[in-house]
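Observations on the three-dimensional arrangement
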Amino acid sequence: MGFARTCSVALVGVEGVVVEVQADLEPGVAAFTLVGLPDKSLTESRDRVRAAVVNSGAEWPQKKLTVGLSPASVPKGGSGFDLAVACAVLGAAERIDPRVLTDIVMIGELGLDGRVRPVLGVLPAVLAAADAGYEQVVVPECTAAEAALVPGVSVLGVRSLRQLIAVLTDEPVPQEEPDEPGRPDPMLAGLCVPGTGVGTGLSGALDDTHGLDLADVVGQASARTAVEVAAAGAHHLFLQGPPGAGKTMLAERLPAVLPRLTREESLEVTAVHSVAGMLPPGKPLVDIAPYCAPHHSATMQSLVGGGKGIARPGAVSLAHRGVLFLDEAPEFSSQTLDSLRQPLESGHVVIARSAGVVRLPARFLMVLAANPCPCGRHTLLGDGCECPASVIRRYQARLSGPLLDRVDLKVEVEAVTRSELAGYGTRGESTQTVADRVRTARERAAARLAGTGWRTNSEVPGHALRTRWPAAPGALDAAELDLERGFLTARGLDRVLRVAWTVADLAGHDRPSAQDVALALQLRTGVSRGVPMTIGAT
């Protein structure tokens, strides 16, 4: 009788569970039994592993073989267990010393010819292995750079099962024939999910060299100020105005204004995109803010996550630490929009399915864009709107009050005038100029919030703002009066205070003044408070 064990990782959402892969050989009729709650794709690994072992020059044991995946109560799926199953079988057959396999985590799919193919979710799998105390992992060669992002873990990238057997048995490592130059690499097919390209609006991180500049936006001084405040404090933004005024242009340029992701944030974002199969080719680490713009026909499952079996990340998770842009927001179904309420408050999504409960990160900056009415001409001067008042009310009511109460900034985007379009006015500030101010404001907020666990003003609870970092005396009088009159909710008052702190950080104030609060109220309610829509203006 022979026995061997090694380890792999089962992914539940973007979190991993280390699974012990055990192989047991007993005398009897040759059979291969796989136990431990595997799904269909994992059950098929029996045929893949047998063919890969034989085609790698090793002998397949002609005995009763049982492979167990422990803990058996955790659902397991995917083809990432192939490599661990093959090595456990070879260890039980004494082709590999079983003691060598005990403390190694193996992740990878096997082809019938013995090649090691990449799988999705390598980064979160290696993170789970590191958290469990493992220091050695084996992954496909083309995902070794992604696995190497985890500190304190020794990564071995292999191209074939033959190479791994040679490494584990201290034999000369065979050289695999390289692919012909100019031909597409079939290995990379395992790192992409169909339907997740750039055209879907869910392509994740944008390249910061894509050439979109805020200076290209004509006019819209108020909206530009709102974009700057939104970026500095991670506040949600609602842009309402006629078609062609520049709402989409502003939203597309917002990610470039956001600061680059920290190392911790980059690992969080990369883990989500790795599971979703959306990592940019040749770039294992996402270090810039992602941008997702789903179509208004998107379902609730595609927005918040879901699918058959274990839930997969949706658009809110793909936009984690970045921007989620919902263009033509009233055209989304009301159920889909209202499903955003919980992640907007908590920064994560909890999805319960029959196969298990998944917790996905979803701390994003939401930007809503909408026309004032179905025809879009309700606020245009000199061009009449033919929509009846009841139709306009129903159209605007598609964005529910509880959802809009979670939006910090509401701005009316005015139609562009002829003189502005002809370039007679002054050109707006560039993205780089605004991004420098945003970065400085973020640094001021980070210094103030050091040691608290909060990173931006939008995350700080209202109670902490009122007690630990109070505004200037009398600065909140106007906001408290609006609360008494019913113009603001208690949540709305807290959000006004958060925006006021962001305005103060941009203006270089030690704490919010009455003017900072007035600008925050003006940005939230859309009602003029007699202050210029410019940061630091007097």
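Presented here is a report on the structure given in the accompanying data block. Since the model is a prediction, treat every value here as computed from it, not as a measurement.

**Some points on the pairing of strand E12 (residues 323–326)**
Every second residue of E12 is oriented toward a common face, with Val 323 and Phe 325 on one face and Leu 324 and Leu 326 on the other, all of them buried. In this structure, strand E11 (residues 291–292) lies alongside E12, joined through 2 bridges in parallel fashion. Bridging across to E12, Cys 292 finds its partner in Leu 324. One ladder, built from 4 bridges, connects E12 with strand E15 (residues 365–370); its direction is parallel. Residue Phe 325 lies in a different strand from E15, and its bridge partner there is Val 367.

**Re empty space enclosed by the protein**
Scanning the model with the defined rule gives 1 cavity of 30 Å³ or more in all. Considering only enclosed or pocket space, the largest cavity measures out at about 30 Å³ in volume. For the largest cavity, the full set of lining residues is Arg 466, Leu 476, Leu 493, Asp 494 and Leu 497. Examining the composition of the lining of the largest cavity, we find that 3 residues originate from one element, helix H21 (residues 490–507), more than from any other. For the lining of the largest cavity, a count of residues per class yields 3 nonpolar, no polar and 2 charged.

**Let's talk about the environment of Val 316**
Topologically, Val 316 is positioned in helix H12 (residues 315–318). By relative accessible area, Val 316 is classed as buried at 0%. Placed 43 residues apart in sequence, Val 316 and Arg 359 show a C-alpha to C-alpha distance of 12 Å. Leave out the neighbours within four places in its chain, and Val 316 touches Leu 303, Val 304, Leu 324, Leu 340, Val 349, Pro 361, Ala 362 and Phe 364.

**What about the side chain of Glu 265?**
In this structure, Glu 265 sits in helix H10 (residues 263–276). One polar contact links the side chain of Glu 265 to the main-chain amide nitrogen of Thr 262, over a distance of 3.0 Å. Contact partners of Glu 265, with chain neighbours within four places excluded, come to Arg 321 and Arg 455.

**With respect to the pattern of salt bridges**
Tallied over the entire structure, the rule returns 31 salt bridges. Across the pair Asp 47 and Arg 50 runs a salt bridge whose closest N-O atoms are separated by 3.4 Å. On the criterion of helical spacing, the pair formed by Asp 47 and Arg 50 is a turn pair, its members being 3 residues apart in helix H2 (residues 45–55). Classification of Arg 50 as partly exposed rests on a relative accessible area of 32%. Of the charged contacts, one joins Arg 99 and Asp 97 as a salt bridge, the two residues approaching to 3.0 Å between their closest N and O atoms. Using a relative accessible area of 70% as the deciding quantity, one classes Arg 99 as exposed. Residues participating in the shared-partner salt-bridge network are Glu 345, Asp 405, Arg 406, Asp 408, Arg 491, Arg 495 and Arg 524.

**Side note on the packing of helix H8 (residues 221–233) against H21**
Relative to each other, H8 and H21 sit at 100°, their axes nearing to 9 Å. Regarding the angle of H8 to H21, the classification is roughly perpendicular. Contacts from Glu 228, Val 229, Ala 232 and Gly 233 in H8 reach Val 499, Thr 502, Val 503 and Leu 506 in H21. Tallied by class, the residues present in the contact of H8 with H21 amount to 5 nonpolar, 2 polar and 1 charged.

About the cut-offs
Residues numbered from 1 in each chain as written. Predicted model: local features only at pLDDT ≥ 70, side-chain atom pairs only at ≥ 80, totals over all residues. Heavy atoms only, no water. Buried < 20%, exposed > 50% of the residue type's maximum accessible area, 1.4 Å probe, protein only. Helix = DSSP H or I, 4+ residues; strand = E, 2+ residues; numbered from the N terminus. Pairing = 2+ DSSP bridges. 1 Å grid on protein atoms, 1.4 Å probe; cavity = no way out; pocket = protein on both sides within 12 Å on 5 of 7 lines; lining within 4 Å. Points joined across faces, edges and corners; volume = space filled by probe spheres on them. Nonpolar A, V, L, I, M, F, W, Y, C, P; charged D, E, K, R; others polar. Contact = heavy atoms within 4.5 Å. Polar contact = N/O pair within 3.5 Å; in protein donor to acceptor, adjacent residues only side chain to side chain. Salt bridge = Lys/Arg side-chain N within 4 Å of Asp/Glu carboxyl O. Axes fitted to C-alpha atoms, helices over the stretch in contact; angles between N-to-C directions. Parallel < 35°, antiparallel > 145°, perpendicular 65-115°, else oblique.

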